[in-house]
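Commentary on secondary and tertiary structure
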Amino acid sequence: MDKKIVIPGDLLSEDMKKAGYGTYIKNNKIYSSFCGIENLKEDKVGVIPLAGAYIPSVNDVVIGIVIVVTPSNWILNIAAPYDGLLHVSEYPRRVESRDMPEIMNVGDSAILRVKDVDSSMKIELALRDPSLQKLKTGQIVEVEPVKVPRVIGHGGSMISMLKKETNCSIFVGQNGRIWIDGKDEDVELLSKALRKIEVEAQRSGLTDRIYNFLKNERIRQKESKPVTFFQNEKKGATAGKDDHSEDIYRKIDVLLDPTN
């Protein structure tokens, strides 16, 4: 059964202690702040919005793309209404201003942490952590930020399944950008699965649905591949085969020679 869709002002609970994300309290009762999916847990009730821009919060881990390099900052697009600033001092090692474009230039991407957000929405980013890094391989897929919890799944169930079934490395940024890396056909399959998650985010049993989708796609991939003969034939085997045949023919000629 699909989860319940709620709109702003819908009553969610009469126990205000259970108020979670996407709710507000009025007269000791919990109401929905968004148009979205009711998210019920044992001790919390919340709402997963159906749409909306990413609004940065301190300690969020995001994927940013460099858009400007200044003498002291990298300015990054973080898929929010506001850009983020990575000061040169927040890079893991000392960097001279003249060397900044060599370290990260326009178009480069990185996994970063939101260090601070002030009242004017100045967003400071950090890269000083072993889990934070410049991205050198793979590709980035973008989904709606509000769909990120569905990509991760309850207790990480969805993302664990995706990694196992596609043999890909995955990192999900809280801003809706997802880094994926692996073999071309695996990355293509994972991209399709992520799009399907985004489209069907409101449906229940989503992890099982995506698992079955991946299995069926794998079968389809195998059926569409042309049959390859002589798979065990190694490079250079043709020349070896010709030499061997020529030797056999020579021996036969000797046996059939009437002068022998």
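Refer to the structure presented above.
Below is a summary of the structure that appears in this document.

Looking at the pairing of strand β4 (residues 29-32)
Where strand β2 (residues 11-13) meets β4, 2 bridges bridge the pair, whose relative direction is antiparallel. From the neighbouring strand, Ser 13 faces β4, where its bridge partner is Ile 30. Between the end of strand β3 (residues 23-26) and the start of β4, which pair antiparallel, lie 2 residues, with Asn 27 showing a positive phi angle near 55 degrees.

Describing unusual backbone geometry
Positive phi values are uncommon outside glycine, yet Asn 59 reaches one of about 80 degrees. Topologically, Asn 59 is positioned in the loop between β6 (45-49) and β7 (61-69). Of the residues examined, Asn 59 reaches a relative accessible area of 49% and is grouped as partly exposed. Its identity is not glycine, yet Asn 167 carries a phi of approximately 60 degrees, on the positive side.

Concerning the nonpolar core
Counting residues in each nonpolar core, the largest one holds 25 residues, and the members touching the most others are Trp 74, Leu 76, Ile 78, Leu 86, Met 104, Leu 112 and Leu 125. Within the residue set of this core, elements represented by two or more residues are β7, β8 (73-77), α1 (100-103), β10 (109-117) and β11 (123-126). No other element matches the 4 residues that β10 contributes to this core. Other than its neighbours up to four places away in sequence, Trp 74 contacts Val 66, Val 68, Val 69, Gly 84, Leu 85, Leu 86, Val 88, Tyr 91, Met 100, Ile 103 and Met 104. Among the nonpolar cores identified, the runner-up in size contains 23 residues, and Val 151, Leu 162, Leu 194 and Ile 197 belong to it.

Here is what the cut-offs are and how they apply
Residues numbered from 1 in each chain as written. Predicted model: local features only at pLDDT ≥ 70, side-chain atom pairs only at ≥ 80, totals over all residues. Heavy atoms only, no water. Pairing = 2+ DSSP bridges. Helix = DSSP H or I, 4+ residues; strand = E, 2+ residues; numbered from the N terminus. Buried < 20%, exposed > 50% of the residue type's maximum accessible area, 1.4 Å probe, protein only. Core = buried A, V, L, I, M, F, W, Y, C linked by side-chain atoms within 4.5 Å. Contact = heavy atoms within 4.5 Å.

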